[in-house]
Amino acid sequence: MKVTIAALLTLISCQSVAAFTVSGTHGTKITELNAAISGSSGTGEGWLSNPAAPVNSEASLRLTLQESLKGSSFQKRLSILGSTGSIGTQTLEIVDACPENFVVDALSAGANVDLMAEQVMKYNPKVASLTTPEAAAELKERLESMGCKNMPEIMYGDEGILAVATTDSADTVVTGIVGAAGLKPTIEAIKLKKDIALANKETLISGGPVINPLVAEYGINMLPADSEHSAIFQCLQGVPEGGLRRVILTASGGAFRDFSKDELFKMCQDDPRAVQAKATTHPNWDMGAKITLDSATMMNKGLEVIEAHYLFGASYDDIDIVIHPQSIVHSMVETQDTSCIAQLGWADMRLPLVYSVAWPHRLKMPYKPLDLAELGSLTFSKPDVEKYPCIKLAYDAGRAGGTMTAVLNAANEAANEMFREDIGLGFLDIPKLIEGAMEDHKEDLKIDDVVLDDILSCDAWAREHVEAAAKKLNEKILL
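About the thresholds
- Residues numbered from 1 in each chain as written.
- Predicted model: local features only at pLDDT ≥ 70, side-chain atom pairs only at ≥ 80, totals over all residues.
- Heavy atoms only, no water.
- Helix = DSSP H or I, 4+ residues; strand = E, 2+ residues; numbered from the N terminus.
- Buried < 20%, exposed > 50% of the residue type's maximum accessible area, 1.4 Å probe, protein only.
- Lys, Arg positive; Asp, Glu negative; His and termini not counted.
- Salt bridge = Lys/Arg side-chain N within 4 Å of Asp/Glu carboxyl O.
- Contact = heavy atoms within 4.5 Å.
- Phe/Tyr/Trp six-rings, centres within 6.5 Å; stacked < 30°, edge-to-face > 60°.
- Pairing = 2+ DSSP bridges.
- Axes fitted to C-alpha atoms, helices over the stretch in contact; angles between N-to-C directions.
- Disulfide = S-S within 2.5 Å.
- Parallel < 35°, antiparallel > 145°, perpendicular 65-115°, else oblique.
- Left-handed = near helix turned anticlockwise from the far one by under 90°.
- Nonpolar A, V, L, I, M, F, W, Y, C, P; charged D, E, K, R; others polar.
- Core = buried A, V, L, I, M, F, W, Y, C linked by side-chain atoms within 4.5 Å.
- Expected span 1.5 Å × (residues − 1).

Whenever I open this one, the side chain of K76 confuses me. Can you help?
Looking at where K76 falls in the secondary structure, it is placed in strand β2 (residues 76-81). Within the buried core, K76 has no salt-bridge partner, and the shortest N-O distance to an opposite charge, that of D195, equals 5.2 Å. Discounting chain neighbours no more than four positions away, the residues touching K76 are N101, F102, V103, D171, T172, V357, A358 and W359.

Structure below.
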């Protein structure tokens, strides 16, 4: 197998300074570490002393060993938020493959009554929740008509989601719902000392300043369920405190990976319709509309940088991005001796999900094994941060810290949605709108003692800011 690696171990970090800066503040505290100091600088500056994931400490090593020695006869009880979505249904496939290891105690979903009814009949949860009272009533009628003998407590709305997340008997909560709606139930689950199989990005990207202290206070395990962060987590198993030097996130490169910056910018000017069509189509696989566009702007990778910081404690100077079109190497870590450890596998979301709910155990699964000879070659390249300005914005927001990452995330969601709604927004307007929101948030930026209400209010403000700015932008175009 031929592996072409463009100076993989000497990748230039994506730390160039964007137009956006915040003076006099820093998003993370300098850690007070022992002799074992993580990172490339040897000072520990910018590293978190209490990462959300159980890594990079003597205590996490002891915990991993303790759990591993229990053997594969373990049983975990799951609450699944978003049970009818892709994360939820794939988690339930894992339950089907390993029924002796998992029990489903609670399920929440949107409005898919048919699928929820099937899941209730099959898994017998204690609690089932849907979005609206109408959907909940329909679910009850459906279950009665199906002859359900173990009727769950049927709930709806935010109260129902909270009930699912805090079900007494569950020890692990799978957070498969999208957006800021996942923050409050995650917080309440943490307070009840439940482990979190983390599939909701906003939990740490927006809520990291709130979530990380709670993880440390209640001593729970935050276990990543997406492919890149699961890969890093797997690579860090057995790495001692202070042994991590650098995190390397891989990216497919999105729809425009084969375009130069000049080619992309010219296409944006000459044929915006073609850009819109291509930006919403992924070159490798079929994904949701929002994440497909985030992949095209590479904001998805910028958001993952922030998530990696909160999960693993790495400073932003020690988190790099590399484009890997084949999407086989899901991410890597570099240790202090400059060894590079990577996790490889087919692009199958069930793999990171399995590890998030089974950690630290390795369960036998009926999946296709990786065949490197079939692949033939793996390639890597450095991302062009001028072509992808969203990368720089994400690093800037992360370094600013506090509420700035919530503003970045919400502004991106709003701009992403408006672009897909075809209201006249250009592809290059997306980073402009995000940067504008970040600039205007500088005066109100809160670094210390951030609470959930701060995160939610900044989220709402950023969405309104982008909507207003987009309207002004369209008015200028019409003039």
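Explanation requested: the packing of aromatic side chains in the structure shown.
Two descriptors summarise a pair of aromatic rings, namely the distance from one centre to the other and the angle between the planes of the rings. Counted by the stated rule, this structure contains seven aromatic pairs. A ring pair is formed by F74 and F102, whose centres lie 5.9 Å apart and whose planes are at 75°; its orientation type is edge-to-face. On the criterion of sequence distance, the pair formed by F74 in the loop between α1 (58-68) and β2 and F102 in strand β3 (residues 102-108) is long-range, its members being 28 residues apart. For the pair F74 and F102, a shared accessibility class is recorded, and that class is buried. When the centroid spacing of 6.1 Å and the interplanar angle of 70° are considered together, the rings of F419 and F427 count as edge-to-face. Each member of the pair F419 and F427 is classed as buried. The rings of F256, F259, F419 and F427 are connected pair by pair, giving a single aromatic cluster.

I keep staring at the sheet that holds strand β9 (residues 244-251) and nothing clicks. Help me out?
The strands making up a sheet associate through hydrogen bonds between their backbones, and the pairing can be parallel or antiparallel. Ordered by their spatial adjacency, four strands build an open sheet running β10-β9-β11-β12, and the pairing between neighbours is mixed. Where the open sheet ends on each side, the last strands, each with one partner, are β10 (319-323) and β12 (340-344). Strand-to-strand twist of the sheet, defined as the mean angle between neighbouring strand axes without regard to direction, takes the value 20°. Relative to β10, β9 is paired through five bridges, and the arrangement is parallel. Along β10, the bridge assignment pairs A251 with I323. Those strands touched by helix α9 (residues 227-235) are β9, β11 (329-335) and β12, and its axis lies near 40° from that of β11.

How do you make sense of the pairing of β10 when you look at a structure like this?
Along a regular strand, successive side chains alternate from one face of the sheet to the other. The buried count for β10 comes to five of five residues, which makes it a mostly enclosed element. Burial along β10 is two-sided: the face carrying I319, I321 and I323 and the face carrying D320 and V322 are both buried.

Even after reading the chapter, I still don't get the pattern of salt bridges, so can you show me in this structure?
Think of it this way: side chains of opposite charge can pair up when their charged atoms draw near. Tallying each qualifying case throughout the model produces 27 salt bridges. In this structure, D105 engages R77 in a salt bridge whose closest nitrogen and oxygen atoms are separated by 2.8 Å. Placement of D105 in strand β3 and of R77 in strand β2 is noted, with a sequence separation of 28 residues between them. The exposure class of D105 is buried, given its relative accessible area of 2%. Of the charged contacts in the structure, one is a salt bridge between E138 and R142, with a shortest N-O distance of 3.0 Å. With E138 and R142 both in helix α4 (residues 133-145) and four residues apart, this pair spans about one turn of that helix.

Explain the state of the cysteines here, please?
When the sulfur atoms of two cysteines share a covalent bond, that bond is a disulfide. Under the counting rule described, the total for this entry stands at zero disulfides. Of all cysteine sulfurs in the structure, the one in C268 sits closest to C390, which takes part in no disulfide; the separation is 12 Å.

Which parts of the structure should I look at to understand the environment of Q343?
Residue position: Q343 is located in strand β12. Distance from Q343 to S331, taken between C-alpha atoms, is 6.2 Å for residues twelve residues apart in sequence. The residues touching Q343, leaving out its near neighbours within four places in the chain, are A231, Q234, C235, I328, V329, H330 and S331.

Mind showing me how you'd approach the packing of helix α17 (residues 404-420) against helix α18 (residues 429-441) here?
When two helices pack together, their arrangement is captured by the angle between the axes and the distance separating the axes. The N-to-C vectors of α17 and α18 enclose an angle of 150°; their axes lie 9 Å apart at closest approach. Classified by the angle their axes make, α17 and α18 are roughly antiparallel. The interaxial crossing formed by α17 with α18 has right-handed handedness. Residues M404, V407, L408, A411, N412, A415 and F419 of α17 form the contact with α18, whose own contacting residues are I430, L433, I434, A437, M438 and H441. When its residues are assigned to classes, the contact of α17 with α18 shows eleven nonpolar, two polar and no charged.

Quick question: what am I supposed to make of the sheet that holds β2 here?
Reading across from one edge, β5-β4-β3-β2-β6-β7-β8 is the order of the seven strands in this open sheet, with parallel pairing throughout. One side of each edge strand has no neighbouring strand; the edge strands of this open sheet are β5 (153-156) and β8 (222-224). Each adjacent strand pair in this sheet contributes to an overall mean axis angle of 25°, direction not counted. For β2 and β3, the ladder comprises six bridges, and the chain directions are parallel. For S79, the partnering residue across the bridge sits in β3 and is A106.

Any chance you could explain the nonpolar core here in plain terms?
One recurring pattern in soluble globular proteins: nonpolar side chains tend to sit buried together. In this structure, M222, F256, F312, L408, F427 and I434 are the most contacted members of the largest nonpolar core, which totals 99 residues. In terms of residue count, the dominant contributor to this core is α17 (ten residues). Not counting the four nearest positions on each side in its chain, M222 is found in contact with A52, A53, P54, I190, I196, L198, I211, V215 and L311.

Just checking my understanding: could you explain helix α13 (residues 299-312) for this structure?
One turn of an α-helix holds 3.6 residues; hence residues three or four places apart share an orientation. Compared with the 20 Å implied by 1.5 Å per residue over 14 residues, the 20 Å span of α13 between its first and last C-alpha is a close match. In terms of burial, α13 is largely enclosed, as 14 of its 14 residues are buried. Within two residues after α13, G313 carries a phi angle of roughly 85°, on the positive side.

What am I meant to see in helix α6 (residues 183-191) here?
Of all the residues in α6, the buried ones are L183, P185, T186, I187, A189 and I190. K193, located one to two residues past α6, shows a positive phi value of around 65°.

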